[in-house]
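# Reading the structure
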Amino acid sequence: MSRLVKSKRRVMVEAVADKLHSRTHSPSKSSIYFTCPASTRFIAMYQEEPGPEAIYGTETHTLGETLLRQSLRLYDFDNKEIKPIEETIKGLTQYDDEMLKLAEGYANKAMSLIESERKRIGHDPIVFIEETLNMNWLMEGMVGTLDLGVIADDVMTVLDLKTGRSKVDSWVSKEDGKKEPNSQLGLYALGLYHSIGKLYPIKKVRIIIVQERIYHISEYELTLDELLEWERNVVIPAIDKTLEPNPTAVPSKGCKWCPGKDVCAARRNANLGLYETSKKQVDLLSNEEIDELLPKLDDLIKFAEDIKAHAIKRMLDGYKFKKHKLVYSRVTRSFSDNDTVAKILLDNGYEAYSKPKLLGITEIQKQLGKAKLNELLGEYITTTKGSITIATSDDEREEVNIESYKEDKSI
Ligand code: SF4
């Protein structure tokens, strides 16, 4: 098995790379700026603090890396020891059982990939773990961190661990129905090829996303020539557009990931344009128009929520809007000392306590377990469906049976 141990020299190179690191053009943000060149201006302006989900993702990667290094028996450069997993866990702020499960799932998949490549070629492949890729040839200071890279003679594989709950594929569909690489992973593949891969007889490139949280693995394969064609025809023109003096803003579903989403005028115009168009309609909307409008309304709602969140933040920072103020949306009352309140009520001849209330099914299931719950109480459990809502045709939930819905509701 190939054992790549981080050398002191590489640590220094990474430190320099960090300094030069172009935040605006990191591969992880490429899906935003490939669609909207202007987004790089907002990425440069606003450095968002990583939220809890981002921190959870980073820590899961750290844990996955430790597990993988243990499985490969990679030694730490300084103390010549394999870092114990307990030591890594001590440094994690959001560690839980699920994080361990996600990290183990990733490490197992990475190990089976390395092992199957070793068997296929009959010798050890070259393995890169959390490799910092210098991508200066695309844009000065651009770097990316690859979770796992494997070069096995003619096949180069890049693998990425995702910890979010929204499904991400290793490819995207173009308007003509053809596929091209997921931009982040495609950039990692280019980064690995240009920095090291050129030394090997690579013909085929595999891009894999592992998303243990939703049991999703996405794999996309292309030839090296196709990857390099994508670089020429898509990557380089997309980056060039971001470097124009006045890059174009192109609102899309990706706006929700853009740091400028709260203040971008192009996004406002796109959403309010939709509102204006609707307002001017004198005739009734056709069913086809409603079908077209529904998915856009989700963007409109998200846009409105982002603007409100931004305005609240500004006001909390001390800014006063002329026509608006902050208020509590709801005020609830509660007793500070329940026992004393009960005593006062009882002493004065009033009722203080309500009748005992049965625990909810979830709480009872926690005590009994699902099997015992069904055995003891199954015949007394009735299922009530929630309110109806609209989803896109490809949503995984079962379609509502209109007849039985109407019957239930006596419509
Ligand atoms: S909010 Fe949307 S349109 Fe505006 S810069 Fe960002 S990605 Fe582009």
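See above for the structure.
What counts, and at which threshold
Starting from 1, residues in each chain are numbered consecutively following that chain's sequence as written. Owing to the predicted nature of the model, reporting of local features is limited to residues with pLDDT of at least 70; listing and counting of side-chain atom pairs is limited to 80 or more, with chain, interface and lining totals taken over all residues. Heavy atoms from the whole structure form the basis of all side-chain values; hydrogens and water molecules are not counted. The axes used here are C-alpha line fits, helices contributing only the stretch in contact, and every angle between their N-to-C directions lies in the interval 0 to 180 degrees. For helices the rule is a DSSP run of H or I covering at least 4 residues; for strands it is a run of E covering at least 2, with both sets numbered from the N terminus onward. Note that the term roughly parallel is reserved for angles under 35 degrees, roughly antiparallel for angles over 145, roughly perpendicular for angles of 65 to 115, and oblique for everything else. Working rule for handedness: look at the near helix, and if it is turned counterclockwise from the far one by less than a right angle, call the crossing left-handed; if clockwise, right-handed. Residue contacts are defined here by distance: any two heavy atoms, one from each residue, within 4.5 Å place the two residues in contact. In this classification, the charged set is Asp, Glu, Lys and Arg, the nonpolar set is Ala, Val, Leu, Ile, Met, Phe, Trp, Tyr, Cys and Pro, and all remaining amino acids, among them Gly, are polar. Any pair of Phe, Tyr and Trp rings, taking the six-membered ring for Trp, is counted once the centres come within 6.5 Å. Such a pair is stacked with planes under 30 degrees apart, edge-to-face with planes over 60 apart, and tilted for the rest. Only when the NZ of Lys or the CZ of Arg is both within 6 Å of the ring centre and within 35 degrees of the ring normal is a charge said to sit over the ring. Candidates for patches are residues over 30% relative accessible area with no salt bridge; among them, like charges are joined within 9 Å and nonpolar side chains (Val, Leu, Ile, Met, Phe, Trp, Tyr) within 5 Å. For accessible areas, the Shrake-Rupley method is used with a probe of radius 1.4 Å. Any residue's cover is judged against the shown protein chains and nothing else. Salt bridges are counted wherever a side-chain nitrogen of Lys or Arg sits within 4 Å of a carboxyl oxygen of Asp or Glu. A positive count includes Lys and Arg, and a negative count includes Asp and Glu. His and the chain ends are not counted in either. Here the site of a charge means atom NZ of a Lys, CZ of an Arg, CG of an Asp or CD of a Glu. Only protein chains enter the area calculation, which uses a 1.4 Å probe; residues under 20% of their type maximum are buried, those over 50% are exposed, and those in between are partly exposed.

Our next topic: the packing of helix H7 (residues 183-195) against helix H8 (residues 224-242). Contact geometry of H7 with H8 gives a least axis separation of 11 Å together with a crossing angle of 115°. Classified by the angle their axes make, H7 and H8 are roughly perpendicular. In the crossing of H7 with H8, the sense of the turn from one axis to the other is left-handed. Contacts between H7 and H8 pair Ser-183, Gly-186, Leu-187, Ala-189, Leu-190, Tyr-193 and His-194 from the former with Leu-224, Leu-227, Leu-228, Trp-230, Glu-231 and Val-235 from the latter. Partitioned by chemical class, the residues of the contact of H7 with H8 number 9 nonpolar, 3 polar and 1 charged.

With that settled, the discussion passes to the packing of aromatic side chains. The description of two aromatic rings rests on the distance between their centres and on the angle between their planes. Counted according to the given criterion, the structure contains 4 aromatic pairs. Relative to Phe-321, the ring of Tyr-319 has its centre 4.9 Å away and its plane inclined at 75°; by these criteria the two rings are edge-to-face. In textbook terms, an aromatic cluster arises when at least three aromatic residues are bridged by ring pairs, as seen for Tyr-33, Phe-34 and Trp-230. Just above the ring of Trp-171 sits the side chain of Lys-179; from NZ or CZ to the centre is 4.0 Å. It is Arg-314 that lies over the ring of Tyr-319; its NZ or CZ is 4.7 Å from the centre.

A cluster of acidic residues, Glu-288, Glu-289, Asp-291 and Glu-292, forms a negative patch on the protein surface. By the element assignment, Glu-288 lies in helix H10 (residues 287-316).

Close approach of charged atoms allows side chains with opposite charge to pair. What the rule picks out here adds up to 16 salt bridges. A salt bridge links Asp-306 to Arg-267; the shortest N-O distance between them is 3.0 Å. In this pair, Asp-306 is assigned in helix H10 and Arg-267 in helix H9 (residues 265-280), connecting sequence segments 39 residues apart. Residue Arg-267 is classed as buried on the basis of its relative accessible area of 5%. Salt-bridge contacts for Lys-372 lead to Glu-375; the nearest nitrogen and oxygen are separated by 3.5 Å. Highlighted residues: Lys-372 and Glu-375, both in helix H13 (residues 370-377), separated by 3 residues, approximately one helical turn. Note on Lys-372: relative accessible area 37%, which makes it partly exposed. Here the salt bridges share partners, and the residues they tie into one network are Glu-117, Arg-120, Asp-154, Arg-206 and Glu-219.

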